[in-house]
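Reading the structure
Listed below are the residues making up each chain.
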Amino acid sequence: MTLSVYLSGEIHTDWREQIIAGAEGLDVAFSAPVTDHAASDDCGVAILGAEDNKFWHDHKGAMVNAIRTRKGIADADVVVVRFGEKYKQWNAAFDAGYAAALGKSIIVLNPPEHQHALKEVHAAALAVAEEPAQVVEILRYVLTGALPG
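Residues numbered from 1 in each chain as written. Predicted model: local features only at pLDDT ≥ 70, side-chain atom pairs only at ≥ 80, totals over all residues. Heavy atoms only, no water.

Where an unreviewed UniProt entry is consulted, the chain appears under the name YtoQ family protein, with the organism given as Antarcticimicrobium luteum.

**Some thoughts on the pairing of strand S2 (residues 28-31)**
Where strand S1 (residues 3-9) and S2 come together, four bridges link them in parallel fashion. Residue pairing in the sheet places Val5 in a bridge with Phe30 of S2. With helix H1 (residues 15-22) bridging S1 and the parallel S2, this β-α-β connection has right-handed handedness. (Pairing = 2+ DSSP bridges. Helix = DSSP H or I, 4+ residues; strand = E, 2+ residues; numbered from the N terminus. Right-handed = clockwise from strand over helix to strand, strands pointing away.)

**As for the side chain of His114**
With respect to the element layout, His114 can be found in the loop between strand S4 (105-109) and helix H5 (119-124). For His114, the side chain forms a polar contact with the main-chain oxygen of Gly84, separated by 2.9 Å. Among residues more than four places away in sequence, those in contact with His114 are Phe83, Gly84 and Glu85. (Polar contact = N/O pair within 3.5 Å; in protein donor to acceptor, adjacent residues only side chain to side chain. Contact = heavy atoms within 4.5 Å.)

**Thoughts on the packing of aromatic side chains**
Applying the stated rule across the entire model yields one aromatic pair. Their ring planes at 85° and their centres at 4.7 Å tell us that Phe55 and Trp56 sit as a pair that is edge-to-face. (Phe/Tyr/Trp six-rings, centres within 6.5 Å; stacked < 30°, edge-to-face > 60°.)

**Remarks on a negative patch on the surface**
On the surface, Glu85, Glu113, Glu130 and Glu131 cluster together into a patch of negative charge. Residue placement: Glu113 occurs in the loop between S4 and H5. Residue Glu113 is classed as exposed on the basis of its relative accessible area of 55%. (Patch = residues over 30% accessible without salt bridge, like charges linked within 9 Å, V, L, I, M, F, W, Y side chains within 5 Å. Areas by Shrake-Rupley, 256 points an atom, 1.4 Å probe, with all protein chains shown as cover. Salt bridge = Lys/Arg side-chain N within 4 Å of Asp/Glu carboxyl O. Lys, Arg positive; Asp, Glu negative; His and termini not counted. Charge placed at Lys NZ, Arg CZ, Asp CG, Glu CD. Buried < 20%, exposed > 50% of the residue type's maximum accessible area, 1.4 Å probe, protein only.)

**Side note on the nonpolar core**
Counting residues in hydrophobic clusters, the biggest one holds 19 residues, and the most contacted among them are Val5, Leu7, Ile19, Val80, Leu109, Val135 and Leu139. Those elements giving two or more residues to this core turn out to be S1, H1, strand S3 (78-82), S4, strand S5 (127-129) and helix H6 (132-144). Among the elements that make up this core, the one with the highest residue count is H6 (four residues). When residues no more than four places from it in sequence are discounted, the contact partners of Ile19 are Leu7, Phe30, Val80, Leu109, Pro132, Val135, Val136 and Leu139. Counting residues in hydrophobic clusters, the runner-up holds 14 residues, among them Tyr6, Ile73, Val108 and Ala125. (Core = buried A, V, L, I, M, F, W, Y, C linked by side-chain atoms within 4.5 Å.)

Spelled out as structure tokens, the structure:
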């Protein structure tokens, strides 16, 4: 069984790379949004033309990025949503809600200090992890039935 896993959320740390490296040898196909922050912010105006108003600049980018995000989440068996420590990732919360509405299996990854703020997101998830290694162990268990250790 191959699992398709979409890695959504925070783009400022290497959590995606940790999960991908840890899952080496497992039958997992990973996908993700564009993680180049500048490219993600500016894709709409770079492709569709400049905007004088920052709102429309951001709006164009959000719409173009949504094409990839919607496809990635729709095709995924599992959606991992990472909420980082430094920034409020409203887009990650939106991705989690979209994945929940589609009936996707969701794993939320966040530091313990965000537990209360994310309680509704956690309620939609099938697992809540604090470390990327825990996500890898969940994927390993789902695919092989093997417990850590």
